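A structural walkthrough
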Amino acid sequence: MADDTSVANHETLTLRAEFDHEARGNDTAWTIASYQSPVGESTWHATANTPTDMIETLLSSLDTDTAWTERTSAPLTERTLATVTRPLTEFGWAQTINGHHINWPAPSGETGLRLDVAAAVGATTAHSRPAWTLWGGTNAEQPTWTIEFSRHTPAVVLQDLTHSACTTPRPHNAHHHGHEGIRNHDTARRADAQSPHPEEVIPEKATTHRSKRLCVPEKAATGQWHITTTQKRSQ
């Protein structure tokens, strides 16, 4: 774990989100993982150096009844593929194939989704690669930001992200760690705020459809996140 890290554990102890305050450039800033049980093995994971709104969408999606019902998805089936890409089809993102990659670039060319078929089906030569990659930038080979998912990530969660990519305009050079966007307006005015505060990204257990810190899905949040932060000791 990095010296300056915030960790959010869902109250069920089966979801974990970790934010590295020291991440810069193409470093992995966010690591999200799902587990079979509090002491079970990981079922899927994601890594990201992505705009903060994408992380908000991801964490909100994970904390809904639908996501809890469908904790994992089959690696690659027609149903999974149709569910993940339905928003892309509706918004006119054309499908292209390049070797073992299937790509859905946005009409603007500034973001897109890539499926690594070999990784998705669990090929031995590709077992360590992400199955799904949502990217922004010049192209998939030179992204400014990415969010990568292992092959068992729930299709409904991926669909929420592809829908967000279709409906939320963001420049290809969007600040990908969220050092600006992660703060709410009150926190942004604090002169001493040097790094993001995941407390303002992690969804709280909501009694209404809207949290103080972010908009949660139509179904109320199913649980609460408990956040701890470790900081580098001064020399």
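Cut-offs and rules
Counting starts from 1 at the beginning of each chain's written sequence and moves along it residue by residue. A pLDDT threshold of at least 70 governs which residues receive local features in this predicted model, and a stricter bar of 80 or more applies before side-chain atom pairs are shown or counted, although totals over entire chains, interfaces and linings include all residues. To get the side-chain values, all heavy atoms of the structure are used, and hydrogens and water are removed first. We count a salt bridge whenever a side-chain nitrogen from Lys or Arg sits within 4 Å of a carboxyl oxygen from Asp or Glu. By definition, any uninterrupted DSSP run of H or I lasting at least four residues is a helix, any uninterrupted run of E lasting at least two residues is a strand, and each is numbered from the N terminus. Burial status follows relative accessibility: with a 1.4 Å probe on protein chains alone, a residue under 20% of its type maximum counts as buried, one over 50% as exposed, and anything between as partly exposed. The predictor rates its confidence in each residue with pLDDT, a number between 0 and 100. Whether two residues are in contact is decided by their heavy atoms, any of which lying within 4.5 Å being enough. Take the residue count of a helix, subtract one, and multiply by 1.5 Å to get its expected span. DSSP bridges decide pairing: two strands pair if at least two such bridges lie between them. Angles here are taken between N-to-C directions and fall from 0 to 180 degrees, while the axes themselves are lines fitted to C-alpha atoms, restricted in helices to the stretch in contact.

This part is about the pattern of salt bridges. Once the charged atoms of two side chains with opposite charge are near each other, the side chains can pair. Taken as a whole and judged by the stated rule, the model has three salt bridges. Residue Glu18 pairs with Arg16 through a salt bridge whose shortest N-O separation is 3.3 Å. Where Arg129 meets Asp116, a salt bridge forms, and the shortest distance between an N and an O atom there is 2.7 Å. Placement of the pair is Arg129 in the loop between α4 (117–120) and β8 (132–139) and Asp116 in strand β7 (residues 111–116), with a sequence separation of 13 residues. On the accessibility criterion, Arg129 (33% relative accessible area) is partly exposed. The exposure class assigned to Asp116 is buried, which follows from its relative accessible area of 4%.

When the pLDDT values of the chain are averaged, the result is 76; 70% of them are 70 or greater. Scored below 50 in pLDDT, residues 204–222 makes 41 contacts in the model with residues more than four places away or belonging to other chains.

So, about helix α5 (residues 155–167). The end-to-end C-alpha separation of α5 is 18 Å, in line with the 18 Å expected for 13 residues at 1.5 Å each. By the burial criterion, the buried members of α5 are Ala155, Val156, Val157, Leu158, Leu161, Thr162, Ser164, Ala165 and Cys166.

It is worth spelling out the pairing of strand β6 (residues 101–105) at this point. As a general feature of sheets, a regular strand has side chains that alternate between the two faces. In terms of residue burial, β6 counts as a mostly covered element, since four of its five residues are buried. Here three bridges tie strand β5 (residues 96–98) to β6, and the two strands are oriented antiparallel to one another. Bridge assignment links Asn98 to a residue of β6, and that residue is His101. One ladder, built from five bridges, connects β6 with β7; its direction is antiparallel. Opposite Ile102, over in β7, you have Leu115 as the bridge partner.

The next subject is the sheet that holds strand β10 (residues 225–230). Spatially, β5-β6-β7-β8-β9-β4-β3-β2-β1-β10 is the arrangement adopted by the 10 strands of the open sheet, whose pairing is antiparallel. Of all the strands in the sheet, just β5 and β10 have a single pairing partner and so form its edges. Going across the sheet, the axis of each strand differs from the next one's by a mean of 20°, ignoring polarity. Sheet strands touched by helix α1 (residues 52–62): β2 (15–20), β3 (30–35), β4 (42–48), β8, β9 (142–149) and β10. Its angle to β3, the strand with the most contacts, is close to 10°.

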